[in-house]
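Descriptive structure summary
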Amino acid sequence: MYARRRRNYFLMMGGCVALFVSAWAVVRLWSMPVAVGMCVVAMVIPPVAAMVANRRGPEDRWWDDPSGDPESDAWWDELDGKKRH
């Protein structure tokens, strides 16, 4: 799971760099508004890439791992409607 998130992050960031470089190296020679638009799109990619890289799937059970305190774990399980085996 971690490798897939990391690969997606690097693909998105590579696309961001490619957009910036191509916008100011090539596209600006033909159309300045298109180059600016490409940079605006590239500007949005890094926060989205960070969200993709840090997203947890349903199989990532980091939020409901036991804390080690049996009383606290039993209390949280009761609130969540879970039965401990």
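Residues numbered from 1 in each chain as written. Predicted model: local features only at pLDDT ≥ 70, side-chain atom pairs only at ≥ 80, totals over all residues. Heavy atoms only, no water.

Moving on to the confidence of the model for the chain. Averaged over all residues, the pLDDT of the chain equals 85, while 84% of them reach at least 70. Highest mean pLDDT in the chain belongs to helix H2 (residues 32-54) (94); lowest belongs to helix H3 (residues 70-80) (79). (pLDDT = per-residue confidence, 0-100. Helix = DSSP H or I, 4+ residues; strand = E, 2+ residues; numbered from the N terminus.)

Take Cys-39: it is sitting in helix H2. For Cys-39, a relative accessible area of 12% translates into the label buried. Along the primary structure Cys-39 and Val-21 are separated by 18 residues, whereas in three dimensions their C-alpha atoms are 9.2 Å apart. Those residues in contact with Cys-39 that lie beyond four places of it in its chain are Phe-20, Ala-23 and Trp-24. (Buried < 20%, exposed > 50% of the residue type's maximum accessible area, 1.4 Å probe, protein only. Contact = heavy atoms within 4.5 Å.)

Here we come to the packing of helix H1 (residues 2-25) against H2. Here H1 crosses H2 at 165 degrees, and the two axes come no closer than 8 Å. In terms of orientation, H1 lies roughly antiparallel with respect to H2. Crossing handedness for the pair H1 and H2: left-handed. The residue makeup of the contact of H1 with H2, split by class, is 23 nonpolar, two polar and one charged. (Axes fitted to C-alpha atoms, helices over the stretch in contact; angles between N-to-C directions. Parallel < 35°, antiparallel > 145°, perpendicular 65-115°, else oblique. Left-handed = near helix turned anticlockwise from the far one by under 90°. Nonpolar A, V, L, I, M, F, W, Y, C, P; charged D, E, K, R; others polar.)

What follows is about the nonpolar core. The nonpolar side chains of a soluble globular protein tend to be buried, and buried together. The biggest cluster of nonpolar side chains holds five residues, and these are Ala-23, Val-27, Ala-35, Met-38 and Cys-39. Apart from residues lying up to four places away in sequence, Met-38 is in contact with Leu-19, Ser-22, Ala-23 and Val-27. (Core = buried A, V, L, I, M, F, W, Y, C linked by side-chain atoms within 4.5 Å.)

So, about the packing of aromatic side chains. Taken as a whole and judged by the stated rule, the model has one aromatic pair. Relative to Phe-10, the ring of Tyr-9 lies with its centre 5.5 Å away and its plane at 70 degrees, an arrangement referred to as edge-to-face. Residue class for Phe-10 comes out exposed when judged on its relative accessible area of 55%. (Phe/Tyr/Trp six-rings, centres within 6.5 Å; stacked < 30°, edge-to-face > 60°.)

What follows deals with H1. For H1, spanning 24 residues, the distance from its first C-alpha to its last is 34 Å, which sits close to the expected 34 Å at 1.5 Å a residue. Taken together, the buried positions of H1 are Arg-5, Cys-16 and Ala-23. For H1, the elements touching its buried residues are H2. (Expected span 1.5 Å × (residues − 1).)

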